[in-house]
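Inside the fold
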Amino acid sequence: MADEMPGEMADEVAGDDVLDAYSRVVSGVAAHLIPRVASLRIHRRRGDSSGSAVVLTGDGHLLTNAHVVGDGSEAAAEFADGTTAQARVVGVDRLSDLAVLRADREIPDPPEYGDADLLKVGNLVVAVGNPLGLAGSVTAGVVSALGRSLPVRSGSAQRIIEDVIQTDAALNPGNSGGALADGNGRVIGINTAVAGIGLGLAVPVNPTTRRIIYSLLHDGRVRRGYLGLVTKPAPLQPALAERFDQRTALRVVEVIPASPAAAAGLRQGDLVLALNGVPLRDAQSLQRQLFEDAIARRTEITAIRNNALVDVIAYPAELSD
């Protein structure tokens, strides 16, 4: 009978198997996505800039960051197989940092898009970009945090991109607009920023951003309702949490003067529970209720003020830059 493998050697072999499996996943995702991620050179008024973009549709649309596009209206796209195309900007949404372009010729087929709402901290992710001169830049890591916020500037206003994915998959220069994929090669985010050494941020692909992308594809812009509230998530007291079946709500930090929220009578310190009966647990849950169909529509806001329940009626205006 053959001697049994010593314990330390067995552990080493098992570790090698795990690394081999990890390597196969990453290389498989890379092989699938590299052909579908383009390098972009954007023609701007103040000079060209570069970034990456992911094939979005089978008829030539590309998805990238709004900040990659900037004020440009045209771009040159190049793929790893040498395919080149000119692309025009179809729509830009600076509040989500997403933009859609349309190529002037046939380009590779799109990858599968997943749902970032299903991600968990610790999930394997692979970042794929195509910076100019570095075709097929690939890094891998894990989801290190979910629900992060990223400040962005839109016109003269400072706004917040909500529910950003944080990962330790390092992003290389020019990777903005590239794909963040899960272990099955599904695109679940668009890389948007470097948060620090070894940290990257990505805009999630989820039902909310799919609605934004749809609007960019069909209308070239995203219309949103505006209440004029600055809020932050806040825990509910146990009795209230049990009564309303939610653990958090949105604390009003500021009410913008002359805004729909001010006209409705909302005040700083109010704890907003729901819009039209839909619970508000975080900033994204509020944003979901303020798309185009909310503009000028009667909106019932349920809040707590001085431990008393308050219902107010607001009519959201249209958000503009």
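Below, the structure is looked at part by part. Counting restarts for each chain, with residues numbered from 1 along the sequence as it is written. Since the coordinates come from a predicted model, pLDDT governs what is reported: local features require at least 70, and pairs of side-chain atoms require 80 or more to be given and counted, while whole-chain, interface and lining totals use all residues. Only heavy atoms go into the side-chain values, all of them from the structure, while hydrogens and water stay out.

**Here's the deal with the pattern of salt bridges**
Stated formally: Just to be clear on terms, a salt bridge is a Lys or Arg side-chain nitrogen sitting within 4 Å of an Asp or Glu carboxyl oxygen. Labels follow the DSSP assignment, with helices taken as runs of H or I lasting at least four residues and strands as runs of E lasting at least two, numbered in each case from the N terminus. Three exposure classes are used, based on accessible area relative to the maximum for each residue type with a 1.4 Å probe and protein chains only: buried under 20%, partly exposed in between, and exposed over 50%.
Tallied over the full model, the rule gives 9 salt bridges. We note a salt bridge from R224 to D93, for which the minimum N-O separation is 2.7 Å. One end of the pair, R224, is in the loop between helix 3 (207–219) and strand 13 (225–226); the other, D93, is in strand 5 (residues 84–93), and 131 residues separate them in sequence. Taken as a pair, R224 and D93 share a single burial class, namely buried. A salt bridge links D270 to R305; the shortest N-O distance between them is 2.8 Å. Note that D270 is positioned in the loop between helix 5 (260–264) and strand 16 (271–275) and R305 in strand 18 (residues 299–305), a separation of 35 residues in sequence. Considered together, D270 and R305 belong to a single accessibility category, that of buried residues. Taken together, the salt bridges that share partners define one network made up of R221, R223, E292 and E318.

**Observations concerning helix 3**
Basically, it comes down to this: An expected span of 1.5 Å times one less than the residue number is assigned to each helix. This arc corresponds to the set of directions leading from the helix axis out to the C-beta atoms. It only takes one pair of heavy atoms within 4.5 Å for two residues to be counted as in contact.
Over its 13 residues, helix 3 extends 18 Å from the first C-alpha to the last, a length consistent with the 18 Å expected when each residue adds 1.5 Å. Those residues of helix 3 that fall on the buried side of the exposure criterion are T208, T209, I212, I213, S215 and L216. Projected down its long axis, helix 3 carries its buried residues within an arc of 160 degrees, all on one side. For helix 3, the exposed residues set more than 90 degrees away from the buried face come down to P207, Y214 and H218. Buried residues belonging to helix 3 abut strand 3 (61–64), strand 5, strand 6 (98–103), strand 12 (199–204) and helix 6 (283–288). Immediately downstream of helix 3, the backbone of G220 shows phi near 80 degrees, a positive value.

**Some words on the nonpolar core**
To be explicit about the condition: Grouping buried Ala, Val, Leu, Ile, Met, Phe, Trp, Tyr and Cys residues that are joined through side-chain atoms within 4.5 Å yields what is termed a nonpolar core.
One finds L33, V54, L63, L98, V100, Y113 and V187 to be the most contacted residues of the largest nonpolar core, which totals 24 residues. Those elements giving two or more residues to this core turn out to be helix 1 (7–33), strand 6, strand 7 (124–129), strand 10 (179–182), strand 11 (187–196) and helix 3. Residues contacting V54, with those up to four places away along its chain left out, are R36, V37, H61, L62, L63, P111, Y113, G177, G178, A179, V187 and I190. Counting 19 residues, the second-largest nonpolar core is a separate cluster that includes L250, L290, I301 and V312.

**With respect to the side chain of T208**
Relative to the helices and strands, T208 resides in helix 3. With a relative accessible area of 9%, T208 lands in the buried category.

**A closer look at the environment of Y22**
Among the secondary structure elements, Y22 is positioned in helix 1. Residue Y22 is classed as partly exposed on the basis of its relative accessible area of 37%. Look past the residues within four positions of Y22 in its chain and what remains in contact with it is L124, A140 and G141.

**Considering unusual backbone geometry**
With phi around 50 degrees, N276 is a residue other than glycine that occupies positive phi space. Turning to its location among the elements, N276 is positioned in the loop between strand 16 and strand 17 (278–279). Of note in the backbone geometry, N306 takes a positive phi value of approximately 55 degrees without being a glycine. Locating N306 in the fold gives a position in the loop between strand 18 and strand 19 (308–314). A relative accessible area of 72% means that N306 is categorised as exposed.

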